[in-house]
Amino acid sequence: MDKHRKYRYIAAFCMLGAGVFVFFVLYICMGSVEISVREMMRAFAGVDDMETKRRILWDIRFPRAMAALILGGALALAGYLLQTFFHNPIAGPFVLGISSGAKMTVALVMIFLMGRTVRVTSADLIAAAFTGALLSMGVVLLLSRRVRGMSMLVVCGVIIGYICSAVTELVVTFAEDADIVNLHNWSRGSFSGMTWENVKVMAAVVIVTVFLVFRIAKPLGAYQMGETYAAGVGVNLRLLRAGIVILSSMLSACIVAFAGPVSFVGIAAPHLVKKLLGTAEPLLMIPACFLGGSVFCLFCDLLARTMLAPTELSISTVTAIFGAPVVLWMMGRKHADRHVNDP
């Protein structure tokens with residue numbers, strides 16, 4: 001590795017780490033009740049007149065900030081895995097309908113169990129979302145073998161998403177009014193209402209999944225060079241594909257189970273990170289994607305909370321505003337490159 005590339009990687013990770021720190025602090029301090037860093041330190045030091053602000057910080061803002069950090073990173077990493085798997089720059093959980101499939105099964109479980117006054121645990125939601133994500137992923141895999149071209153795969157994903165959303169809306173029609181309110185808020189995408197118990201569960205799931213992603217980094221790098229090359233250097237393609245499908249589905253399921261469907265992060269963040277690093281090497285992209293997704297979601301959710309306060313926007317509204325232009329630019333650049341390369 002030459003010195004220029006090494007310095008570029010160090011600078012990129014310093015920028016991403018600084019971005020996480022800065023937006024995390026801003027996220028904690030900004031809101032309907034402004035809290036300075038000094039007041040935050042006094043609150044956690046146990047000063048008597050700061051008890052209200054301590055409760056705001058510890059019970060509301062810190063869990064939500066941690067959720068945005070963890071789930072944003074997981075979403076970006078899921079997008080990177082799917083883009084690598086399909087060799088498709090705009091593959092992602094939301095675009096391919098995987099998030100919609102997870103949303104459908106979570107809605108079914110919530111309505112079915114809540115309607116019978118059964119307590120729904122975090123494990124139930126993750127299991128339901130994982131099942132839906134795998135089902136949608138299976139359909140996408142079947143269609144990907146029959147269709148050619150990036151545009152057709154995206155169209156298939158959009159159709160799958162619409163079908164899953166239609167089923168979800170049909171089921172919601174028969175839900176109780178109280179359940180419909182909860183489902184509506186969750187289905188729009190939001191990090192609100194997070195608790196430390198939620199954070200513990202999502203952190204455990206994401207940490208284990210990210211560790212397993214690191215374990216397949218080397219064969220993933222060979223897979224990026226082409227399936228023939230990967231098979232030639234001894235990569236078990238069937239096992240690798242199964243691993244990518246399961247790990248990306250688990251990350252997508254964790255996000256949908258806790259925050260609902262969040263759009264464009266899984267597509268935009270990996271490409272922005274790749275431009276920043278100047279490489280697609282998995283050992284660098286895996287941690288960088290996680291940090292990039294965390295920065296993206298902390299920034300977007302901060303705007304969602306504060307831009308029109310006291311009204312709160314859905315996180316998907318803000319991520320679409322910033323993520324969609326990245327996707328359009330990327331598609332336009334790909335089309336221009338193809339046009340230049342045509343004889």
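Computed from a predicted structure; not experimentally measured.

Evaluated as defined, the whole model comprises seven salt bridges. Of the charged contacts in the structure, one is a salt bridge between R55 and E51, with a shortest N-O distance of 3.5 Å. Residue R55 and its partner E51 are both found in helix α3 (residues 51–86); the two are separated by four residues, about one turn of the helix. E312 serves as the salt-bridge partner of R64, at 2.7 Å between the closest nitrogen and oxygen. You can see R64 sitting in helix α3 and its partner E312 sitting in the loop between α13 (282–306) and α14 (315–341), a full 248 residues away along the chain. We classify R64 as buried; its relative accessible area is 7%. Here the salt bridges do not stand alone but share partners, grouping E51, R54, R55 and D59 into one network.

Moving on: unusual backbone geometry. Unusually for a residue other than glycine, F264 sits at a positive phi of about 70 degrees. Within the secondary structure, F264 sits in the loop between α11 (237–259) and α12 (265–277). Of the residues examined, F264 reaches a relative accessible area of 21% and is grouped as partly exposed.

Once that is clear, we can look at the packing of aromatic side chains. All chains considered together, the criterion is met by eight aromatic pairs. When the ring of F44 is compared with that of W58, the centres are 6.1 Å apart and the planes differ by 80 degrees; the resulting orientation is edge-to-face. Of the two residues, F44 is situated in helix α2 (residues 37–44) and W58 in helix α3; the sequence distance between them amounts to 14 residues. On the accessibility criterion, W58 (36% relative accessible area) is partly exposed. Ring centres of W58 and W196 lie 4.7 Å apart, and the angle between their planes is 35 degrees; on these two criteria the pair is classed as tilted. Pair noted here: W58 is in helix α3 and W196 is in helix α8 (residues 196–215), with a separation of 138 residues, a long-range link. Taking the relative accessible area as the measure of exposure, W196 reaches 26% and is therefore partly exposed. In this arrangement the basic side chain of R305 is found over the ring face of Y27, its NZ or CZ atom lying 4.4 Å from the centre.

Our focus in this paragraph is helix α5 (residues 122–144). In an α-helix, one turn spans 3.6 residues; hence positions three or four apart end up facing the same way. When the terminal C-alpha atoms of α5 are compared, their 32 Å separation across 23 residues agrees well with the 33 Å that a helix rising 1.5 Å per residue should span. Among the residues making up α5, those that are buried are S122, L125, I126, A128, A129, F130, G132, A133, S136, M137 and V140.

For the rest of this paragraph, the subject is the side chain of N198. Inspection of the secondary structure puts N198 in helix α8. According to the relative accessible area criterion, N198 is buried, its value standing at 15%. Setting aside residues up to four positions removed in sequence, N198 forms contacts with S122, G193 and F258.

Mean pLDDT over the protein: 84, with 89% of residues reaching 70 or higher. Note on residues 338–343: pLDDT under 50 across the span, and zero contacts to partners over four residues away in sequence or across chains.

Take helix α1 (residues 3–29) next. Over its 27 residues, α1 runs 39 Å from end to end, which matches the ideal 39 Å to within 8%, given 1.5 Å per residue. Along α1, the residues classified as buried are Y9, A12, L16, G19, V20, F24, Y27, I28 and C29.

The rules behind the values
In every chain, residue numbers begin from 1 and rise along the written sequence. Given that this is a predicted model, residues contribute local features only at a pLDDT of at least 70 and side-chain atom pairs are listed and counted only at 80 or more, while totals for whole chains, interfaces and linings are drawn from all residues. Side-chain metrics in this entry use all non-hydrogen atoms of the structure; hydrogen atoms and water are not considered. We define a salt bridge as a side-chain nitrogen of Lys or Arg found within 4 Å of a carboxyl oxygen belonging to Asp or Glu. Secondary structure follows DSSP: runs of H or I at least 4 residues long count as helices, runs of E at least 2 residues long count as strands, and numbering of each begins at the N terminus. A 1.4 Å probe rolled over the protein chains alone gives each residue an accessible area, and that area as a share of the maximum for its type sets the label: buried under 20%, exposed over 50%, partly exposed in between. For Phe, Tyr and Trp, rings pair up if their centres lie within 6.5 Å, where Trp contributes its six-membered ring, and each pair is then called stacked (planes under 30 degrees apart), edge-to-face (over 60) or tilted (otherwise). Definition used: whenever NZ (Lys) or CZ (Arg) falls within 6 Å of the ring centre and also within 35 degrees of the ring normal, the charge is taken to sit over that ring. Expected span, for any helix, means 1.5 Å times one less than how many residues it has. It only takes one pair of heavy atoms within 4.5 Å for two residues to be counted as in contact. pLDDT gives the predictor's per-residue confidence on a scale running from 0 to 100.

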